[in-house]
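# What the coordinates show
Listed below, chain by chain, are the residues.
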Amino acid sequence: MKAHVASVELTDNGNAFTIAWERPDGTTGTQDALELAQAAVKGWRQFLNKHHMDEKGA
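Residues numbered from 1 in each chain as written. Predicted model: local features only at pLDDT ≥ 70, side-chain atom pairs only at ≥ 80, totals over all residues. Heavy atoms only, no water.

## A few points about the confidence of the model for the chain
Here the chain shows a mean pLDDT of 95. Residues at 70 or above account for 98%. Mean pLDDT across the elements of the chain bottoms out in helix 1 (residues 33–50) (96) and peaks in strand 3 (residues 28–32) (98). (pLDDT = per-residue confidence, 0-100. Helix = DSSP H or I, 4+ residues; strand = E, 2+ residues; numbered from the N terminus.)

Structure, rendered in structure tokens:
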């Protein structure tokens, strides 16, 4: 999969970053970078919980 930052909006009310991606089969899409990061953190937490691991390394 290829991905890149497609757009950046910096405003007084907040910032928005959009990621664009392309799969090897040619399908494409975009996603808000914050939503993508939150989904990644959720996935890691689920993995750690499944394997009885503490996210702080304890």
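## Quick look at the pairing of strand 2 (residues 14–22)
Sheet topology places strand 1 (residues 2–11) next to strand 2; nine bridges connect them, and they run antiparallel. Residue pairing in the sheet places Leu10 in a bridge with Asn15 of strand 2. Following strand 1, the chain reverses through two residues before pairing antiparallel with strand 2. Looking at chain direction, strand 2 and strand 3 are connected through five bridges and run antiparallel. Residue Glu22 lies in a different strand from strand 3, and its bridge partner there is Thr28. The antiparallel hairpin formed by strand 2 and strand 3 contains five residues in its connecting segment, where Gly26 sits at a positive phi of about 95°. (Pairing = 2+ DSSP bridges.)

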